[in-house]
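Report on the structure
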There are 2 protein chains.
Amino acid sequence: MTFLRGMDLSRNIIIALDVMGGDTGPESVIPGAALALEAHPDLAFILFGDEGKVRPLLDKYPALKGASTVVHTDKKILSDDKPSAILRASKGTSMRLAIEAVKEGCADAVVSAGNTGALMALAKTVLRPIAGIHRPALASVFPTHGAGDTVMLDLGANVLVDAENLVQFAVLGAVFAKLHKGVETPSVGLLNVGSEEIKGPDHVRGAGKILADIDIPGEYCGFVEGNDITKGSVDVVVSDGYAGNIALKAVEGVGSMANHLFKDALTSGPLAILGGMLAYSALKKLKVKLDPRRYNGGVFLGLNGLCVKSHGGCDALAFSSAVNLAAELAEQGYIEKVGREIEHLAEQGLS
Amino acid sequence: MTFLRGMDLSRNIIIALDVMGGDTGPESVIPGAALALEAHPDLAFILFGDEGKVRPLLDKYPALKGASTVVHTDKKILSDDKPSAILRASKGTSMRLAIEAVKEGCADAVVSAGNTGALMALAKTVLRPIAGIHRPALASVFPTHGAGDTVMLDLGANVLVDAENLVQFAVLGAVFAKLHKGVETPSVGLLNVGSEEIKGPDHVRGAGKILADIDIPGEYCGFVEGNDITKGSVDVVVSDGYAGNIALKAVEGVGSMANHLFKDALTSGPLAILGGMLAYSALKKLKVKLDPRRYNGGVFLGLNGLCVKSHGGCDALAFSSAVNLAAELAEQGYIEKVGREIEHLAEQGLS
């Protein structure tokens with residue numbers, strides 16, 4: 001791609017950004033990228049979006065400006081574009097160009113806060129699944145009681161799956177947890193309605209039987225339940241996209257409710273306000289730990305290229321978390337590692 | 001039943017209690033029943049359990065003693081009894097006798113903190129589903145941001161359901177919400193992975209189509225998502241038992257995590273402790289609102305008799321919530337009302 005001329009390609013990791021995606025577009029994406037660059041100084045960016053909007057913002061972040069190339073397009077995917085219309089209408093949009101940059105080897109990962117359905121459809125069409133993978137899956141990271149996070153997938157890419165799909169998700173998630181959590185043998189659980197072997201739908205029980213018998217890059221620990229997600233009982237929780245999406249949103253809903261009610265309580269009267277001020281530093285730590293912006297970023301796993309979805313309503317901090325996740329997985333060679341594990345699955349007769 | 005001799009049957013509502021169920025049995029059930037009697041002075045109880053354990057405890061609660069008949073049995077269902085063995089082994093157990101008391105018209109409702117699988121299997125076998133109901137469902141009440149609660153079902157009685165089952169759940173839940181929340185036309189949503197009509201599994205989309213066309217004792221509002229449970233977007237959230245159980249436990253898990261982390265934060269140093277003390281009254285109100293013990297009680301809906309499941313690990317306050325729920329639905333004639341609505345469904349060609 002000609003836009004790479006003049007870019008410092010000695011930097012390690014190049015991230016393609018859909019600058020126009022999300023509710024606020026460049027307003028969150030540009031400062032978010034600047035924050036991510038502070039955390040990962042070896043990043044370089046290709047910014048796909050409307051130059052007239054991108055350049056003035058970029059001038060405020062000289063370090064980011066030095067690490068970025070802007071590729072102009074005034075076309076973008078709208079948040080209410082119908083999935084059926086997206087493939088047709090996507091040519092030349094900031095989202096599609098950013099994905100194509102990964103496909104063409106110009107970038108190591110793409111990050112977008114745009115329309116989820118569009119991003120999944122385009123990423124799948126342009127990047128294609130890794131050989132042997134039937135269904136790519138959306139994964140993310142959840143906070144827990146303890147120190148470690150939980151990796152969970154699928155969060156909604158596939159409503160209907162079979163046992164073999166779930167087994168592949170287990171491998172996709174285990175490699176993610178290995179790199180993200182730095183554990184050699186991540187523990188893996190299948191999300192179900194109880195821990196007994198006879199419980200649950202056919203595809204979950206079927207996956208349990210296969211996982212008990214084969215070699216995966218982690219340790220299969222049986223069925224887990226909804227409360228195990230935030231309990232941190234296992235490193236990876238594997239689910240179909242139906243139950244996974246409902247669980248994800250249920251968790252987000254309770255988090256948001258607790259946050260609102262708690263704020264209300266600590267502003268409900270002079271004593272409560274004073275108490276909140278005294279406990280400020282302790283509560284601040286808790287707020288940081290549970291801040292949903294720290295957990296922003298759903299990685300679309302199983303494709304020939306890294307694609308990270310940020311919440312549409314993200315701010316700069318939230319967007320930077322999504323970029324950090326993309327950078328972390330790209331730096332550690334997620335795609336190559338997972339490719340080898342999928343080959344290893346095939347050697348065991350699972351395809 | 002001869003044990004009713006001498007009991008004051010002019011009291012309105014009689015509750016049969018499985019005193020031996022749950023982790024602590026009579027230790028929680030007896031004081032829990034005493035608490036419920038304070039809230040509902042017109043209740044009477046039939047206490048099924050080991051007399052040697054029940055009577056000494058009952059002596060401590062004279063009001064409850066005056067409102068109760070004890071029926072001795074030293075047989076009980078164990079928490080790890082396998083579902084297959086339960087029907088065979090259940091004869092004469094405190095749980096089965098309590099359910100049979102409802103079947104025989106001696107009690108209006110049964111409450112048990114025992115083995116969930118056993119309670120569901122026995123209640124279904126002994127009480128039988130209401131004519132026209134294919135699958136009974138487990139329902140409970142969730143706290144929300146605002147003032148009202150959300151009724152949700154099925155929470156795990158049926159993993160696999162079809163569209164017609166979900167439509168019946170909508171009716172079971174709407175009548176529950178009418179009585180519990182006191183709203184004339186409860187709003188009803190179907191739990192799904194998105195609000196668009198084309199999203200989700202077949203049985204959920206199929207139920208959506210039927211509900212849009214028929215007359216139910218509530219207003220069908222389309223699909224809702226996991227976060228709508230605690231947002232209070234609708235009065236009733238309808239789901240299959242697979243996604244419903246996972247969502248329920250995910251919500252409980254986040255609640256428990258938030259509670260633990262919050263306690264840790266407010267005891268993490270002298271300033272935090274002092275702050276917590278000053279804000280005590282405001283935080284206490286919040287704690288009461290979100291206290292899971294207030295939401296204890298899963299009602300097994302769709303049977304010819306009211307059966308309420310309490311958490312096995314309940315204390316007295318939690319057990320009293322389950323009894324209060326049973327009393328509330330019995331007083332308002334849930335079974336008769338829902339029976340008429342199921343007939344009305346059949347008149348519309350749905351059976």
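Residues numbered from 1 in each chain as written. Chains lettered and ligands numbered in written order. Predicted model: local features only at pLDDT ≥ 70, side-chain atom pairs only at ≥ 80, totals over all residues. Heavy atoms only, no water.

The secondary structure content of chain A amounts to 14 helices and 11 strands. The principal-axis extents of the C-alpha atoms in chain A amount to approximately 60 × 60 × 40 Å. Within the span of chain A, comprising 351 residues, buried residues form 59% of the whole. In chain A, the share of contacts with a sequence separation of at least 24, taken over all contacts with a separation of at least 6, comes to 73%. A total accessible area of about 14,100 Å² is found for chain A, and carbon and sulfur atoms account for 53% of it. For chain A, the distance from the average position of its 33 positive side-chain charges to the average position of its 40 negative side-chain charges is 5 Å. (Helix = DSSP H or I, 4+ residues; strand = E, 2+ residues; numbered from the N terminus. Buried < 20%, exposed > 50% of the residue type's maximum accessible area, 1.4 Å probe, protein only. Contact = heavy atoms within 4.5 Å. Areas by Shrake-Rupley, 256 points an atom, 1.4 Å probe, with all protein chains shown as cover. Lys, Arg positive; Asp, Glu negative; His and termini not counted. Charge placed at Lys NZ, Arg CZ, Asp CG, Glu CD.)

Before going further, it helps to spend a moment on the relation of the copies chain B and chain A. The two copies are related by a screw motion: chain B maps onto chain A through a turn of 180° and a shift of 0.0 Å along the axis, at an RMSD of 0.0 Å. Accordingly, the operation relating the two chain copies is best matched by a two-fold axis. Among all residues of chain B, the one whose C-alpha sits closest to the rotation axis is G275 of chain B, at a distance of 1.8 Å. (Least-squares fit on C-alpha atoms with pLDDT ≥ 70 in both.)

Looking now at helix α13 (residues 316-331) of chain B. Residues and elements named next belong to chain B. Here α13 spans 22 Å end to end across 16 residues, near enough to the 22 Å set by a 1.5 Å rise per residue. Most of α13 sits inside the fold, with 12 of its 16 residues counted as buried. Three or more residues of α13 are buried, namely A316, A318, F319, S320, S321, A322, V323, L325, A326, A327, L329 and A330. Phi for G333, located one or two positions after α13, is positive at around 70°. (Expected span 1.5 Å × (residues − 1).)

Residue and element names in this part refer to chain A. In the segment running from L153 into D154, the intervening peptide bond is cis, with an omega of -5°. As for its placement among the helices and strands, D154 is situated in the loop between β6 (150-153) and α7 (163-181). Backbone geometry places R128, a non-glycine residue, at a positive phi of 65°. Its location among the elements puts R128 in the loop between α6 (116-127) and β5 (137-142).

The next thing to look at is the environment of K75 of chain B. Residue and element names in this part refer to chain B. Structurally, K75 is set in the loop between β3 (68-72) and α4 (83-89). Distance from K75 to A139, taken between C-alpha atoms, is 28 Å for residues 64 residues apart in sequence. With residues near it in sequence (within four places) discarded, K75 still touches A89, K91, G92, T93 and S94. Within polar-contact distance, the side chain of K75 engages the backbone oxygen of K91 at 2.5 Å. (Polar contact = N/O pair within 3.5 Å; in protein donor to acceptor, adjacent residues only side chain to side chain.)

Attention now moves to the packing of helix α1 (residues 26-39) of chain A against helix α13 (residues 316-331) of chain A. Residues and elements named next belong to chain A. One way to put it is that α1 packs onto α13 with a least axis distance of 7 Å and a crossing angle of 55°. Between α1 and α13, the angle falls in the class oblique. Of the two elements, α1 crosses α13, and the hand of that crossing is right-handed. Residues S28, V29, P31, G32, A33, L35, A36 and A39 of α1 touch α13, and the partners they reach there are A316, L317, F319, S320, V323 and N324. When grouped by side-chain class, the residues that make up the contact of α1 with α13 number 10 nonpolar, four polar and no charged. (Axes fitted to C-alpha atoms, helices over the stretch in contact; angles between N-to-C directions. Parallel < 35°, antiparallel > 145°, perpendicular 65-115°, else oblique. Left-handed = near helix turned anticlockwise from the far one by under 90°. Nonpolar A, V, L, I, M, F, W, Y, C, P; charged D, E, K, R; others polar.)

With that settled, the discussion passes to the packing of aromatic side chains. Taken as a whole, this structure holds two aromatic pairs over all chains when the rule is applied. Ring plane angle 40° and centroid distance 6.5 Å describe the contact between Y242 of chain A and Y242 of chain B, whose orientation is recorded as tilted. Residue Y242 of chain A is located in helix α10 (residues 241-265), and its partner Y242 of chain B is located in helix α10 (residues 241-265); the two belong to separate chains. Judged on exposure class, the residue Y242 of chain A and its partner Y242 of chain B are both buried. Aromatic pair F262 of chain A and F262 of chain B: ring centres 4.4 Å apart, planes at 85°, arrangement edge-to-face. Separated into two different chains, F262 of chain A in helix α10 and F262 of chain B in helix α10 make up a pair that spans both. (Phe/Tyr/Trp six-rings, centres within 6.5 Å; stacked < 30°, edge-to-face > 60°.)

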